[in-house]
Amino acid sequence: MRNVERLTSLKSELLDIFMSMEVVEHEQRNRTAAQRNLRARRGIELHEEFKQLSRDIAELPEDELDEMH
């Protein structure tokens, strides 16, 4: 009976370790995905800002552009 108890305890410990590893891996994947999404969102925002800036500059009259230089 003692061996069965040890085996059961060992199985339980191994399962706990495995589950902990799974949780850590899942959290890491979530963090990585969140960082990737943030970079993508910021890239899109920068792209839109540059497009808006280009439109704003294009709308300036020529004499205002000459005064800026």
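1. Side note on the overall build of the chain
Right, so step 1: For the chain, the count of helices and strands is 2 helices and 0 strands.
Right, so step 2: Carbon and sulfur atoms form 59% of the exposed surface of the chain, whose accessible area is close to 6,700 Å².

2. Concerning the environment of R31
Right, so step 1: Position of R31 relative to the elements: it lies in helix 1 (residues 2-58).
Right, so step 2: Since its relative accessible area comes to 43%, R31 is described here as partly exposed.
Right, so step 3: Within the structure, R31 has its side chain in polar contact with the side chain of Q28 (distance 2.9 Å).

3. Some words on the pattern of salt bridges
Right, so step 1: Enumeration over the complete set of coordinates arrives at 4 salt bridges.
Right, so step 2: Note that E45 and R42 form a salt bridge whose closest N and O atoms lie 3.2 Å from each other. Residue E45 and its partner R42 are located together in helix 1, separated by 3 residues, close to a single helical turn.
Right, so step 3: Looking at E45, the relative accessible area reads 36%, which means it is partly exposed.
Right, so step 4: For R42, a relative accessible area of 37% gives the class partly exposed.
Right, so step 5: By sharing partners, the salt bridges in this structure join R42, E45 and E49 into a single network.

4. Quick word on a nonpolar patch on the surface
Right, so step 1: A surface patch of nonpolar side chains, amounting to about 480 Å² of accessible area, comprises L7, L10, L14, I17 and M21.
Right, so step 2: Mapped onto the elements, I17 comes out in helix 1.
Right, so step 3: Using a relative accessible area of 45% as the deciding quantity, one classes I17 as partly exposed.

Rules used in this analysis
Here, residues in each chain are numbered from 1, in the same order as that chain's written sequence. Confidence filtering applies because this is a predicted model: local features only for residues at pLDDT of at least 70, side-chain atom pairs given and counted only at 80 or more, and all residues used for totals across whole chains, interfaces and linings. Hydrogens and water are ignored here; the side-chain numbers use all heavy atoms of the structure. A run of H or I in DSSP becomes a helix once it reaches four residues, and a run of E becomes a strand once it reaches two; helices and strands are each numbered from the N terminus. Reported accessibility uses the Shrake-Rupley method at a 1.4 Å probe radius. Residues are deemed covered only where the shown protein chains occlude them. Here the term buried applies to any residue with accessible area under 20% of the maximum for its type, exposed to any over 50%, and partly exposed to those in between, with areas from a 1.4 Å probe on protein chains only. Here a polar contact means two N or O atoms within 3.5 Å. Within protein one must be a hydrogen donor candidate and the other an acceptor candidate, and residues neighboring in sequence count only if both atoms are side-chain atoms. When a carboxyl oxygen of Asp or Glu lies within 4 Å of a side-chain nitrogen of Lys or Arg, that pair is called a salt bridge. A patch consists of residues exposed above 30% relative accessible area that lack any salt bridge, with like charges linked at up to 9 Å and nonpolar side chains (Val, Leu, Ile, Met, Phe, Trp, Tyr) linked at up to 5 Å.

What is shown is where atoms sit, not what they do.
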